[in-house]
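# An overview of the molecular structure
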Amino acid sequence: MLEFFSQLTGLIEPTIKIVGLVFLVILPMVAYSVYAERRFSAILQDRVGPNRVGIPFTKVSLAGLGQPMADGLKFILKEDFTPDHVRKVYYWLAPALTMVPALLTCAVLPFGGYLKLPFVDDPFKLVIADLDVGILFVFAIASLGVYGIVLAGWASNSKYPFLGGVRSSSQMISYEISLGLSVIPILMIYGDLNLSNIVQQQHEQGWALLPITLDGFKPVVSMRDLLLLIPLFISFIIFVTSLFAETNRLPFDLPECETELVAGYHTEYSSMKFALFFLGEYAAMIIGSGFAVTLFLGGWSLPFGWGTNGEDSLFWGLVNVGTFFTKVIAFILFFIWVRWSIPRFRYDQLMRLGWVFFFEIALVNILLTAAILMLFRQG
Amino acid sequence: MAIVVKRPKLSIFEKMYLPAIGKGLLITLSHAIKILRGKKKVTMQYPEEKWDANMPEHYRGAPALVKDEQGRERCVSCQLCEFICPPRAIKIVPGEIPSDDPWAKVEKRPKEFDIDMIRCIYCGMCEEVCPEQAIYLRKDYAITGLSREEMVHDKERLYEIGGVREGLVNKWNELK
C-alpha cells in the first residue's frame, strides 16, 4: 500500500509538467500562432489583420487578442457534418492521428534547464521525459503524423482528399530522410542522443551555430568550432527546409494546395474535426521550431555561455525557460515570414529538391563533419 | 501553331535559388518594417475613421427632400420622380395646400413622400428630373435599419436629411 502511494506521488511531478507544458503553454501557443499568422501576414502584405475582437460585450479590442477564442467557439458550434460516402472509423480517427503525434513529441523537448523551487531540495529538470534516445523518439513519433493525413485522404473517399493524401505521404516520407540525415552531424559533434545533454553542452561551449563563449569580454573561439560551422550551417538549412515539408507549410504545402485540390486531405471535414487538422499543423510547427532551436540554436541557453543552467537559482531557471520560448516564438515568426514570401513549389520540383539535392548534400555533409572531427581528434 | 517559349538563361546565383529566396524575404520584410513604423498606411479603420471629408462634390448618397430659405417645401408633388425612378422606390401621395396658407398659389404639396431605401439604387434620376429642384442626393451613405419598415424614409426623415438649400428656383417668391 505504501509502495503504491509512493508510486502515486512519483506521478505528480510528470503530471504537473505535462499539464503545464501541453495545456498551459503549447495549446494556447497553437491558438495564438494562428492569430500571429494572421496578424504578421497582414503586416507583411500591407494589411491590418484581425484587430477587433477583444472582451465580449465591451468595446475593449486588445488589438484583436480575443480572435482565437472566438474562432475556437465558432469551430465548436459549427455543424459537424459527416458525409455519407466516407469510411466512418478512419474518418473519425484521422484528425486525432494528426494532432496526437505532434503533441507527443514535446515529451522529450527540454524547455528549460532546471527549476530550483524554494523549500524543495532537488531541482526539477524541465523536460517531461528525459529520454536517452531523445531524437530517435522524435523521429519515430513524428513520422506517425503522416498516417493522420493519409487516412483522412483515403477515408474521405473523394477525389481531392485522395490526391492530397497521396501527395502528403510521398512528400513526408521523402523529407523524413533528409531531416534525419541533417541531424546526424549534430549527434556526431555532441556524441549524445539525449536532447537535455545536447543543450547542456551547447550552454557550456556556445550554440551550435554560434560557438563563441566570452572570457570576461574576450571572445573565445576554437578553430575546430569555426570549421564545424560549415557543415552545421548546411545541416541547419536542410533541417529547416525539411521541417517546412514535414509540417506541410507553404513552400511545400502541396497536400492542401487550395488552388488545385480545394483543401486537400481535409476537404470533407468540417467543424472541430477540421480544426484538429488545422491546429495539428500549427502544433507540429511549434514543436518543430522547438527542435530546430534545441538542436541548432542552443535550446534554453543564453548566448556566449551566459547564466547558469538553473540548478542553483530560481532566477536563472526562469530566464532559461523565457529564453527558450522567445527563441521558439522568433522561429515561428520566421516560419510565417517564409510562408508569405515564397510561392509554392511544383510537385516534381519538390521531389527533385528532396531526393536529388538534400539527400546527397546531407550525406556529403556527414562525411565532411567526420573529416573535420578526425582532423581535430584528441589522442 | 505552337509557340516556343524560350527559357530564360539563369545565372549561377539564380540557379542556387537560396539568394532569390533571401531577396524575396527582404522584400516582404521591408513592407513589414514600413507598416510597423507607420510610414505607410493603406487600410482605413472604417467606423472610427471615415472618408467623409474627402467625398467628391458629385457623390450620390441618399436622396432627400429640401426646403427653401423661407421654410417652404420645394416639392409640389408632380410625381415625376415617382414615375422615373427605375427601381420604383419612391411613393408619393399628393395633397392640396389649403387656401388660407401663404403658399396657396403653389396648390399642391406631398401629403406623404416615402423612399424605400432597400430599393433605391442611388442613380440620381429623381434629382435630374425634378423641375422644382426639390429632391437631392446627399452624401449620407450608411443607411441602416433593423427592419424593412425602418428602411423606408418618410417625409419627415427626408426633410431631416435634406435640410435647407437656398437660391435655386425662385419662381414661387413674391415679385420684386
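These figures come from a predicted structure and were not determined experimentally.

Moving on: the interface of chain B and chain A. Of the residues lining the interface, 19 residues belong to chain B; the matching set on chain A comes to 14 residues. Taking both partners together, chain B and chain A bury about 1400 Å²; carbon and sulfur atoms supply 65% of that area. Our count for the chain B to chain A interface comes out at two salt bridges. A salt bridge links glutamate 48 of chain B to arginine 52 of chain A, with the nearest nitrogen and oxygen atoms 3.1 Å apart.

Time to look at the pattern of salt bridges. Tallied over the full model, the rule gives 14 salt bridges over all chains. Residue arginine 339 of chain A is joined to glutamate 37 of chain A by a salt bridge in which the shortest nitrogen-to-oxygen separation is 3.7 Å. One end of the pair, arginine 339 of chain A, is in helix α11 (residues 314-339); the other, glutamate 37 of chain A, is in helix α1 (residues 2-44), with 302 residues separating them in the sequence. For the salt bridge of arginine 157 of chain B with glutamate 160 of chain B, the shortest nitrogen-to-oxygen distance reads 3.6 Å. You can see arginine 157 of chain B and its partner glutamate 160 of chain B sitting in helix α5 (residues 155-162), three residues apart, about one turn around the helix. Looking at arginine 157 of chain B, the relative accessible area reads 34%, which means it is partly exposed. Via salt bridges that share partners, Glu37, Arg249, Glu281 and Arg339 of chain A belong to a single interconnected network.

A few words on the sheet that holds strand β3 (residues 108-116) of chain B. Residues and elements named next belong to chain B. Taken in spatial order, the three strands line up as β2-β3-β5 in an open sheet, and their pairing is antiparallel. In the strand order of this sheet, the two ends are held by β2 (90-96) and β5 (152-153), each with one partner. Pairing of β3 with β5, which is carried by two bridges, proceeds in the antiparallel orientation. In the sheet register, aspartate 116 faces β5, and the bridge partner there is valine 152. Its contacts with the sheet put α5 on β3 and β5, and the angle it makes with β3 is roughly 85 degrees.

Together, Trp154, Tyr160, Phe162, Leu163, Val166 and Val262 of chain A line one region of the surface with nonpolar side chains, adding up to about 560 Å² of accessible area. Positionally, tyrosine 160 of chain A belongs in helix α6 (residues 159-190).

So, about helix α2 (residues 67-77) of chain A. All names here are of chain A. Of all the residues in α2, the buried ones are Gln67, Pro68, Asp71 and Phe75. Along the axis of α2, the buried residues cluster in a sector spanning 95 degrees; they form a single face. What points out from α2, more than 90 degrees from its buried face, is the exposed set Met69, Leu73, Ile76 and Leu77.

Applying the stated criterion to the full structure yields 22 aromatic pairs over all chains. Both rings, one in tyrosine 32 of chain A and one in tyrosine 35 of chain A, keep their centres 6.1 Å apart while their planes meet at 75 degrees; by these two values the pair is edge-to-face. Taken together, the residues tyrosine 32 of chain A and tyrosine 35 of chain A, both in helix α1 and three residues apart, mark about one turn of the helix. Between the aromatic rings of phenylalanine 334 of chain A and tryptophan 337 of chain A, the centroid separation amounts to 6.2 Å while the plane-to-plane angle is 80 degrees, which identifies the pairing as edge-to-face. Placement of the pair is phenylalanine 334 of chain A and tryptophan 337 of chain A together in helix α11, with a separation of three residues, close to one helical turn. Feature note: the residues Phe236, Phe239, Phe244, Phe296, Phe331, Phe334, Phe335 and Trp337 of chain A constitute an aromatic cluster, connected by ring pairs. The ring of tryptophan 92 of chain A carries the charged tip of lysine 273 of chain A above its face, separated from the ring centre by 3.8 Å. Of note, lysine 67 of chain B hangs over the ring of tyrosine 159 of chain B, and the distance from its end group to the ring centre comes to 5.0 Å.

What counts as what
Residues numbered from 1 in each chain as written. Chains lettered and ligands numbered in written order. Predicted model: local features only at pLDDT ≥ 70, side-chain atom pairs only at ≥ 80, totals over all residues. Heavy atoms only, no water. Contact = heavy atoms within 4.5 Å. Buried area = accessible area lost by both parts, 1.4 Å probe. Salt bridge = Lys/Arg side-chain N within 4 Å of Asp/Glu carboxyl O. Helix = DSSP H or I, 4+ residues; strand = E, 2+ residues; numbered from the N terminus. Buried < 20%, exposed > 50% of the residue type's maximum accessible area, 1.4 Å probe, protein only. Pairing = 2+ DSSP bridges. Axes fitted to C-alpha atoms, helices over the stretch in contact; angles between N-to-C directions. Patch = residues over 30% accessible without salt bridge, like charges linked within 9 Å, V, L, I, M, F, W, Y side chains within 5 Å. Areas by Shrake-Rupley, 256 points an atom, 1.4 Å probe, with all protein chains shown as cover. Arc of directions from axis to C-beta. Phe/Tyr/Trp six-rings, centres within 6.5 Å; stacked < 30°, edge-to-face > 60°. Lys NZ or Arg CZ within 6 Å of the ring centre and 35° of its normal.

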